Amino acid sequence: CTVLHQFQVSILTRGILETMAESARHRLTVPPGADSLGSMRKPGAIAQGSSQSRQSQYLSRLTDFQQMDIQSALDQMKTLLSTRPHVVYKTSYYRKQTKNHWARDDPAFVALQFVFLVISSVAYSIAFRAPFTGVISFMLYSIFLHWLATGFIVAAIGREIANRHLTDHKSSSHVRQTVEWLYAFDIHCNAFFPVFVLLYGVQFFMLPLVLGKSLFAMIVSNTLYAAAFSWYWYITHLGYRALPFLSQTEVFLFPIAAIGLVYVLNLIGYPFGLGWNASRIMTHLYFD
């Protein structure tokens, strides 16, 4: 009986070992054409591919007005002009939670800004009786230089500063996050809208006043420009501050101090013939 019992135990043990070996072979088998390391991709490569896909989808939607939520874009523009412009960036947080990206996927905001710039450029050209070539020239300057080129540069520099110097490495997130380029451009578009309202809208109706040569005309004009550019950097600061993995985003408020300094120096220099009127300079550059 003892010998029979030992024989049964030996067979049972051998069966268990063979089963374990077969299971191990199945786990280690790599399907044909697969990566030997389990086809694992680097997170950066995945993020880059996802970002490129979103950008291509964004551009494709830019040509289809039926896919744009115009009312939502108008509501956001209204919020940017209110006393609570930071509310606009709350939608970015919700978008991150639901779609895993911060940037807008609806180009309606950009499309509306383009249309507004075209209309305002034509209005300014008519007001200054510019020829047809002057209309096209000022429109190109407004859209491609003031808005797009400046936006690309500011977005690229702001994103680089944020990713290199402002990322909070002590964040509770286990995945290192970076500022998306499209989100940085979103910030520029948000910040540019108050500039558009003040310098393309309000200034247009105040041209007879701000183009004067008096001290009062200079103060009104320069206050308009100082307020517009200060507003731009304040909303830019809000955009980067909304990202939880960034710290010390107050650096984006530093240009406001420079704007205030130039404004004061201009007032001090006026009695000595050193003051300048920003609106008159604008007119000289584009319509003289």
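Residues numbered from 1 in each chain as written. Predicted model: local features only at pLDDT ≥ 70, side-chain atom pairs only at ≥ 80, totals over all residues. Heavy atoms only, no water.

Colleague: Any details on a nonpolar patch on the surface? Residues and values, ideally.
Modeller: A cluster of nonpolar side chains, Leu261, Val264, Leu265, Ile268, Phe272 and Leu274, forms an exposed patch at the surface whose accessible area comes to about 660 Å². As for its position among the elements, Leu274 is in the loop between helix H10 (254–269) and helix H11 (278–287). (Patch = residues over 30% accessible without salt bridge, like charges linked within 9 Å, V, L, I, M, F, W, Y side chains within 5 Å. Areas by Shrake-Rupley, 256 points an atom, 1.4 Å probe, with all protein chains shown as cover. Salt bridge = Lys/Arg side-chain N within 4 Å of Asp/Glu carboxyl O. Helix = DSSP H or I, 4+ residues; strand = E, 2+ residues; numbered from the N terminus.)

Colleague: Which residues make up the packing of helix H6 (residues 132–166) against helix H7 (residues 181–205), and what are the values?
Modeller: Think of two packed helices as two axes; the pair is described by the angle between the axes and how far apart they sit. Closest axis-to-axis distance for the H6/H7 pair is 9 Å, and the angle between their directions is 135°. Between H6 and H7, the angle is such that the two are oblique. Both H6 and H7 take part in a crossing whose hand is right-handed. Residues Phe138, Ser142, His146, Trp147, Leu148, Thr150, Gly151, Phe152, Ala155, Ala156 and Arg159 of H6 form the contact with H7, whose own contacting residues are Trp181, Ala184, Phe185, His188, Cys189, Phe192 and Tyr200. Of the residues belonging to the contact of H6 with H7, the class tally is 12 nonpolar, 5 polar and 1 charged. (Axes fitted to C-alpha atoms, helices over the stretch in contact; angles between N-to-C directions. Parallel < 35°, antiparallel > 145°, perpendicular 65-115°, else oblique. Left-handed = near helix turned anticlockwise from the far one by under 90°. Contact = heavy atoms within 4.5 Å. Nonpolar A, V, L, I, M, F, W, Y, C, P; charged D, E, K, R; others polar.)

Colleague: Explain the side chain of Ser221 to me, using residue names and the numbers behind them.
Modeller: Along the chain, Ser221 turns up in helix H9 (residues 215–241). The buried category is assigned to Ser221, whose relative accessible area is 0%. Not counting the four nearest positions on each side in its chain, Ser221 is found in contact with Val210, Asn277, Ala278 and Ser279. (Buried < 20%, exposed > 50% of the residue type's maximum accessible area, 1.4 Å probe, protein only.)

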